Every structure is written in C-alpha cells, then in structure tokens.
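What follows is the residue order along each chain.
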Amino acid sequence: MAAFAEGTPCWVDVSLPDLEAGKRFYGELFGWTFGETADSGDGRGAEAFSDGKRVAGLVAKKDGRMPTVWGVYFATADAVGLSRRITAAGGTLVRGPAALGRSGVIAQAADPAGTVFGIRQPGDDPGFERTGLPGSFCWTELYTRDKERVDPFYESVLGFRGTDLPGASVDFRMWSPAGAEPGEASAIGGRSVITDAFPAEMPGHFLSYFSVADCDATAATAVRLGGRVTAPPFDIPHGRMSVLLDNQGASFAVLSGAADPVGPQGAPGARPDPNERP
C-alpha cells in the first residue's frame, strides 16, 4: 500500500483497560478479527482486521490512570522534524518520536489547548489497509473550546488548508491536506467547537468515525454488547450517524449511507449541538 500523504489520518487505536473485552465488543460490532502485536511500551496490543485488511489497533493500558480513548495518528515523512514544529507552534510532546518496529516512528503530541493526537512516520507498515468501507475508519473531527489557537496550529504544523462548512448551523471547519484544493471534496477531517450545549466536563478530543452498513442497527448492537449511545442516530448531509461509547467507555462515531466513502472523498459534516439534534 502506498504511503499516506503528509498530514492525512493513517491510523487509529483505542487504549482499553481490558483488551480481551475490547476484542469481543468490536469483533461483534464491526465483524473484526484480530492478530496480536508486540508490546508497544504502552501495553499489549492487537491489530484489527476487516475482510483481512488492517483497520485499527487495540492496546491494553498498563496504567489505569490513563484515559480510555480512541486516538488518531497523522502521517508524516519526518516525525522528528514535525515534533519540532509542534513545540515551536505552542504544542507539547506527550511522547517523543520513538521507533516502533515495522510501524515506523511514532510520537504523541498535544495541541495548544491540550488535545492529544499522534503522528506516524511509516516503516514497513504505513497504517490503514482499508478505509471508507463498512467496518473501517472513515473520518476524524477535533472538538475544541479554543479554535482561535488550534486553527492556526494545525494549519501551520500539519499544513491543513481550512474552509468553513457552508450553511452549517454549527461552527465547523473542514481540513484539506497540503497541496489540495481546499473544500469539501478534498477534506480529510474537521474541527468543531465544544459549546455550552455540551457537558461542561467534556475535554477537547478527536472523534473517530467508522463506516457501517446500518447506523441504527450498529447503535442497537453496541447497547446490547454493553456500550452506550451518547448521540442517537440522526441524519446528516452525508448519511446517518451516531456517537457511541464502547463497553469500557471509549467514544467513537459510526456513519452509514454515505454516497461515497468519506475521507478524501468528502466531509460527513459536523455533529450538531445536543439541543439541535432531531
């Protein structure tokens, strides 16, 4: 598989207290199968596969104080150089660049508002082998309370070209990779704003989306498996989506019915404020 373009999402993984429980949950929810990975330094892990293609990672947390979350990684050809740009632009390094076997060089950083994200310089394994199809990653959104600081940060550090979503009822900015014509057709992610309509304790975070064949059925299955629905299924211009928690508390979104696979092919749109949901 060809390397991902600079600044595009190339991998997601979830940090969980109970790896085996996570495999049972996502295995039934998305039909994933799993292969064990070497200890990453953060904990024992497993790669998830959809139809034999690598789509995500699960990691068993070694430290129970760390959050149970899905994390997204952006591709780079130079993890060391990008790490320097991150700190120069007001971000911080959570974990400096480190070689991680065939995955290449991995680092974790926080933007000026404290939201954590990953960067990945590919090795033999560039990341996703399948995206935009049921059971695989299709989109990511940053939710922040400080767009004035984070917009210029991501646009300078990762080279994103930002455009505001036209006609949206929420404050949403689409991100296109460097070198692309900015706009919906080239968008690979976006930034939304955490308003007063959301819980006061909600921190800044990246929300990762997975494509599914049936949003409503997936939400119902998540509940049956011990998860929760935090945003019941609702329609957006690019299909039907829902925001879920898995059986250990990690948040993610699912999207069905998109006319085309999302990601480079177009933005699914923003999650509306809770008061605006149908």
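Source: prediction; values computed, not measured.

Participant: Would you mind showing me how to read the pattern of salt bridges here?
Facilitator: Side chains that differ in sign of charge can pair as their charged atoms come close. Scanning all chains against the criterion turns up 16 salt bridges. A salt bridge links Arg191 to Asp151; the shortest N-O distance between them is 2.9 Å. Linking Arg191 in strand E12 (residues 189-193) with Asp151 in helix H3 (residues 147-157), this pair joins segments that are 40 residues apart in sequence. Where Arg191 meets Asp171, a salt bridge forms, and the shortest distance between an N and an O atom there is 3.0 Å.

Participant: I would appreciate a short explanation of the confidence of the model for the protein chain in the present structure.
Facilitator: Any residue range with low pLDDT should be treated as having predicted coordinates unsuitable for detailed reading. Here the protein chain averages 88 in pLDDT, while 89% of its residues score no lower than 70. Below pLDDT 50 for its whole length, residues 260-267 participates in 26 contacts with residues either more than four positions away or in separate chains. This model gives residues 270-278 a pLDDT under 50, and the stretch forms 35 contacts once residues within four places in sequence are excluded.

Participant: Would you take a moment to explain the side chain of Thr115 for this structure?
Facilitator: As for its placement among the helices and strands, Thr115 is situated in the loop between strand E7 (105-110) and strand E8 (116-121). Excluding residues within four positions of it along the chain, Thr115 makes contact with Ala109, Ala110, Leu142, Tyr143, Tyr154, Gly204, His205 and Phe206.

Participant: Would you take a moment to explain the packing of helix H1 (residues 19-30) against helix H4 (residues 215-224) for this structure?
Facilitator: Each packed pair of helices is defined by two parameters, the angle between the axes and the distance between the axes. Here H1 crosses H4 at 155°, and the two axes come no closer than 10 Å. Our classification of the angle between H1 and H4 gives roughly antiparallel. The chirality of how H1 crosses H4 is right-handed. Every residue of H4 that contacts H1 at Phe25, Glu28, Leu29 and Phe30 is listed here: Thr218, Thr221, Ala222 and Arg224.

Participant: What's the story with the sheet that holds strand E11 (residues 172-176) in this structure? I'm lost.
Facilitator: The pairing of strands in a sheet comes from backbone hydrogen bonds and takes either a parallel or an antiparallel form. Taken in spatial order, the eight strands line up as E10-E11-E12-E9-E13-E16-E15-E14 in an open sheet, and their pairing is mixed. Edge strands, defined here as strands with exactly one partner in the open sheet, are strand E10 (161-164) and strand E14 (228-236). Strand after strand, the sheet turns through a mean of 25° between neighbouring axes, direction not considered. Sheet analysis places E14 next to strand E15 (residues 239-245), joined by six bridges and oriented antiparallel. Directly across from Phe234, in E15, lies its bridge partner Met241. In the packing of H1 onto the sheet, the strands contacted are strand E13 (205-211), E15 and strand E16 (251-256), and the crossing angle to E16 comes to about 10°.

About the thresholds
Residues numbered from 1 in each chain as written. Predicted model: local features only at pLDDT ≥ 70, side-chain atom pairs only at ≥ 80, totals over all residues. Heavy atoms only, no water. Salt bridge = Lys/Arg side-chain N within 4 Å of Asp/Glu carboxyl O. Helix = DSSP H or I, 4+ residues; strand = E, 2+ residues; numbered from the N terminus. pLDDT = per-residue confidence, 0-100. Contact = heavy atoms within 4.5 Å. Axes fitted to C-alpha atoms, helices over the stretch in contact; angles between N-to-C directions. Parallel < 35°, antiparallel > 145°, perpendicular 65-115°, else oblique. Left-handed = near helix turned anticlockwise from the far one by under 90°. Pairing = 2+ DSSP bridges.

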